[in-house]
Amino acid sequence: GTKSNPTYVTESTLWRSTDYGTTYEKLNDKVGVKTVLNYLYVCPTNKRKIMVLTDPEFESSVLISLDEGASYQKYRMNFYILSLLFHPTQEDWALAYSHDQKLYSSFDFGRKWQFVHEQVTPNRFYWSVIGLDKELDLVHLEAHTLDGRAQYVTCRAQSCSESNRNFPFKGYIDTNSLVVQDDYMFIQVTSGGRSWYLASYMREPFVRIKIPKYSLPKDMHIISTDEGQVFAAVQEWNQNDTYNVYISDPHGVYFTLALENVRTSRGVGGNSMIDLYEVAGIKGMLIANRKLENQVKTYITYNKGRDWRLLQAPSTDLAGNDIHCILPFCSLHLQLQMSENPYLSGSITSKSSAPGIIVATGNIGSELSYSNVGVFISSDAGNNFRQIFEEEHNIWFLDKGGALLAVKQPSVPTRNLWVSFDEGRQWSRHSFSTTPLFVDGVLVEPGIDSQIMTFFGHFSHRSEWQLIKIDYKSLFTRACAEGDYQSWHLHNQGEPCVMGQKQIYTKRRPGSHCMLGKNFTSPVSADPCICRAHDFECDYGHERQGDGTCMPSFWYNPAIVSQSCTPGQIYLNSTGYRRVAANNCTRGVKEVYAARKQQCPNRAPRGLQLTTQEGKLTAVLGTNVTFLVQLEETNIQLDFGDGTAVSYSNLSWTEDGIKHVYRTAGIFRVTVLAENELGSDSSSLHIHVTCPVEHVQLLAPFVVIKNKEINLTAVVWPSHSRTITYFWWLGNSSEPVITLDGSISYTFTNEGMNTIIVQVSSASSILQDTKTIAVQDFFKSLLLSFSPNLDETNPDIPEWRHDVGRVIKKALLQKLLVAVFPGIPTAAELFLLPSKNQSEGQKKTEEELNQISYILVNALNQNLVEFELKPGCRVMVYIMQLTLAPLVDSIPRHSSSAMLMLLSVVFLGLAVFLVYKFKSEFSSPKELMEKEMDAWVKREINNFNLS
């Protein structure tokens, strides 16, 4: 019980009863008075062991009891448990899933926990399957890598370090797709926009599931994996609220259609609920609701979906009046929803200890309806139904199904319960409460010496929970004797052979009020029947015709099977039929329908296929690429396209694929050739081997001439070939130009500053570099060099070049653009740009630039420019070459020298450039300007200092 305010729980109470609910003991002082409890787990293999979790809002602890809750020990935890999974055989072993997607294991019933794996998908972890997995503590789980992709991982729960982890499927799988169930494992892989489903039988390698070619599934659910085959619900490309049910061969690979358009609904948690019910205790018997022409009808099968028929409605109603319901226009339809409340029976129920008894809510008519419903029962496994109530009731089996208990649905308060000892023909009413109770559930737990059921519910929507205990042992007069039993023969509308055998069950004679007892089991005898046509279903790739025969589907080529086998070997040639799984018939037409052993024909290779294991045409540089060759032929040659090749004389040596590691990035043509004395066949694919780009360098001139074409180059490291896409934003454009080449030509048509952006896309990475280019009608530039001592302190990194550029900025305060190049020897380029105000004409401006460059060149030639790099280390600046634009063709260095230098050292760093503006206060007389410039240069050189 709990107390709460409108926002959260503040107190909780733990109660315990040892007399099936007669009395209860409050246990708060044993678990902590202020402890707020959250979940209670009972060990499935030892009911005496109980684990109670506290509410993580208050504390993270686990309370453990080894004596059915009489006493508890509390253990602190450093994580919050969201769910527990107990081992199927080891009572002290458990897996815990935490709030931060981590998996932990305990081998002492929760006292100590150890980390297993991180980034585990919720509810996608499984203990080992007894008899299949070698280690009892093996764990199967679905986990995510750092980039969010899912993988199938196995490891020992006690030692799951990275070195001890195994990957049964080498590639990545779709999130939330791993299923480990009985003899099978299933995963889903998406490639090329389509999802593929793969199965593993008895821990063999995963094989792609074969569903009819044009089903094109959108979704797939595994319904059951018992009795040596798989039932799967597949939503095909043209379905929205229905699924098709398929049934597999024993290996879970080849699926054939069992029933089309099975109705689905949404559960409370949003999960798809398939209207398919497997009747307990009767092998091969299923009931399904099928939607056809906007009508939902109920069908039944006794041979695992090989044949379906409508349910025959009762001939009379509760009052004994005749019901005129003629097949196929009218039939009985049943609601097949299982209860999401474990203490209510749901709309249909059956029990393996009471074979043949089916109780369900339904209606009579042309289609399934949720109005005018009643409760119906069959005591002969669905051959005949009788109505037992006109209103919806929950039904429970008492005493191994020897008696039935019925209570009205919880939406209606009641004080009465109904009990039947003759399979629902007669009901006796009993009162369990003086006040009508909304029944929220019933717990039926047989004891050793007593038969107890506990009702829990509420008198009104505002009242507290009420618990009412009933010992129903007094309803039985005595223990059953030999005369209280009778034999019951399973049949299908009079046909005694069901699933290839005649089955006879022993059950209590209807009307006998004797008690079966806790240890009663329903004995069954089974004798095999002679095989007939209805014991065989259509094999994969075949469809049943109107006359009942199985013929190949239009898309299926039976010759493919023989083409896939090795000459000289034996293969099984299908007749188009296969025996229904778990069918025990013998002789008869068995040999007629069974697959025939035939010799593999000698022929030239055909149908050779070459794929990668993951189905992808991309690979990361330096990783193993596994190629799969699909053709059982001899003498194959595989050329990897990078200068290496391998040969095999038998493909059985390559069952796990042919692995190869590419040492360079690029696009490689991989070819495979298969040949024998009769001919040859070949196949090829192109694989993109990529390597993430670690660095990109945009090479561009710092100043360009308007209306003159220039080259822009993006150089990447590591070097790539044909596996990169380049995105260029040019001339302040908002739309990129996309190329596969790292160079592009462009012409700027307007003066000013332009930003060039290049993005490089490779594998899953995108890197970017940016340059600003000054566009002018003309300009002048000087190439600068430095005394060798500067190279000794040049680490050739961008930060250092930035600081040197800052030094030049302080030394040269005129209208300059300065670029310091990467690499050694250290070099730079100094640009002299014209003033924005060119009203005096280009000729006048060119003269001004000539005057300025003349002064600078003189100063540099006279070794007047130097700076102190550090105490005792003065660096001289020299002139290398003077250029005058637009003499681009005769003296190209003004625009291309920086690019040429950068090409040789592209991966070492980025050029740093600074833009300065000219002052426009120049005197018109040439002499005055020269004197002022000369004085300025000398003054600035004297003040030049590295800060």
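Residues numbered from 1 in each chain as written. Predicted model: local features only at pLDDT ≥ 70, side-chain atom pairs only at ≥ 80, totals over all residues. Heavy atoms only, no water.

### Remarks on the state of the cysteines
Under the criterion given, the structure shown has six disulfides. Between the sulfur of Cys155 and that of Cys160 lies a disulfide, 2.0 Å long from S to S. Across the disulfide from Cys155 to Cys160, rotation about the S-S bond amounts to roughly -90°, and the bridge is consequently left-handed. In this pair, the class of Cys155 matches that of Cys160, namely buried. (Disulfide = S-S within 2.5 Å. Buried < 20%, exposed > 50% of the residue type's maximum accessible area, 1.4 Å probe, protein only.)

### Here's the deal with the sheet that holds strand 18 (residues 194-201)
Here four strands make up an open sheet; going across it, the order is 16-17-18-19 and the pairing antiparallel. On the outer flanks of this sheet lie strand 16 (179-181) and strand 19 (207-208), each paired with one strand and no other. Across eight bridges, strand 17 (residues 184-191) lies against strand 18 in antiparallel orientation. Bridge pairing in strand 18 places Ser191 opposite Arg194. (Pairing = 2+ DSSP bridges. Helix = DSSP H or I, 4+ residues; strand = E, 2+ residues; numbered from the N terminus.)

### A closer look at the nonpolar core
In terms of nonpolar packing, the biggest core is built from 27 residues, with Ile173, Ile187 and Ile209 touching the most fellow members. At the level of elements, strand 15 (150-156), strand 16, strand 17, strand 18 and strand 21 (231-236) are the ones that each hand at least two residues to this core. The greatest single-element share of this core, amounting to five residues, is contributed by strand 17. If sequence neighbours within four positions are ignored, Ile209 has contacts with Phe186, Tyr197, Leu198, Ala199, Met220, Gly252, Val253 and Phe255. (Core = buried A, V, L, I, M, F, W, Y, C linked by side-chain atoms within 4.5 Å. Contact = heavy atoms within 4.5 Å.)

### So, the pairing of strand 27 (residues 295-301)
Of all seven residues making up strand 27, six are buried, and the element is well covered by its neighbours. Where strand 26 (residues 286-292) and strand 27 come together, seven bridges link them in antiparallel fashion. Note that in strand 27 the partner of Ile287 across the bridge is Ile300. From the end of strand 26 to the start of strand 27, which pair antiparallel, there are two residues, and Glu293 there has a positive phi angle of about 50°. Where strand 27 and strand 28 (residues 309-310) come together, two bridges link them in antiparallel fashion. Across the sheet, the residue bridging to Ile300 is Arg309, located in strand 28.

### Considerations on the packing of aromatic side chains
Using the criterion set out here, one finds 29 aromatic pairs in the structure. When the ring of Phe627 is compared with that of Phe640, the centres are 5.7 Å apart and the planes differ by 45°; the resulting orientation is tilted. One end of the pair, Phe627, is in strand 55 (residues 624-630); the other, Phe640, is in the loop between strand 56 (636-639) and strand 57 (645-648), and 13 residues separate them in sequence. Each member of the pair, Phe627 as well as Phe640, carries the same accessibility label: buried. Both rings, one in Tyr726 and one in Trp728, keep their centres 6.3 Å apart while their planes meet at 20°; by these two values the pair is stacked. You can call Trp728 buried: its relative accessible area is 0%. Ring pairing ties together the aromatic residues Phe79, Tyr104, Trp113 and Phe115, which thus form one cluster. The ring of Phe109 has Lys49 sitting right over it, with the charged end atom 5.8 Å from the ring centre. Here Arg208 stacks its cationic end above the ring of Trp196, 4.0 Å away from the centre of that ring. (Phe/Tyr/Trp six-rings, centres within 6.5 Å; stacked < 30°, edge-to-face > 60°. Lys NZ or Arg CZ within 6 Å of the ring centre and 35° of its normal.)

### Some words on the sheet that holds strand 10 (residues 94-98)
Here four strands make up an open sheet; going across it, the order is 9-10-11-12 and the pairing antiparallel. Edge positions in the sheet fall to strand 9 (81-86) and strand 12 (114-117), since each of these pairs with one other strand and no more. The sheet shows a mean angle of 30° between the axes of neighbouring strands, taken without regard to direction. (Axes fitted to C-alpha atoms, helices over the stretch in contact; angles between N-to-C directions.)

### Quick word on the environment of Gly641
Along the chain, Gly641 turns up in the loop between strand 56 and strand 57. We classify Gly641 as partly exposed; its relative accessible area is 36%. Remark: the alpha-carbon pair of Gly641 and Thr671, spanning 30 residues in sequence, is separated by 7.5 Å. Setting aside residues up to four positions removed in sequence, Gly641 forms contacts with Phe668 and Arg669.

### Side note on the pattern of salt bridges
Within the structure shown, the criterion is met by 24 salt bridges. In this structure, Arg76 engages Glu59 in a salt bridge whose closest nitrogen and oxygen atoms are separated by 2.8 Å. In this pair, Arg76 is assigned in strand 8 (residues 73-76) and Glu59 in the loop between strand 6 (50-54) and strand 7 (61-65), connecting sequence segments 17 residues apart. We classify Arg76 as exposed; its relative accessible area is 64%. Glu391 is paired through a salt bridge with Lys408; the nearest N and O atoms lie 3.4 Å apart. Highlighted residues: Glu391 in the loop between strand 33 (386-389) and strand 34 (393-398) and Lys408 in strand 35 (residues 403-408), separated in sequence by 17 residues. On the accessibility criterion, Lys408 (28% relative accessible area) is partly exposed. (Salt bridge = Lys/Arg side-chain N within 4 Å of Asp/Glu carboxyl O.)

### Digging into unusual backbone geometry
Note that the residue after Leu327, namely Pro328, is joined by a cis bond; omega there is 0°. Among the structural elements, Pro328 can be located in the loop between strand 28 and strand 29 (331-334). Its identity as a non-glycine residue notwithstanding, Leu216 has a phi of 45°, on the positive side. Residue Leu216 is classed as partly exposed on the basis of its relative accessible area, which comes to 33%. The backbone of Ala381 shows a phi angle near 60°, a positive value even though the residue is not glycine. By the element assignment, Ala381 lies in the loop between strand 32 (374-378) and strand 33.

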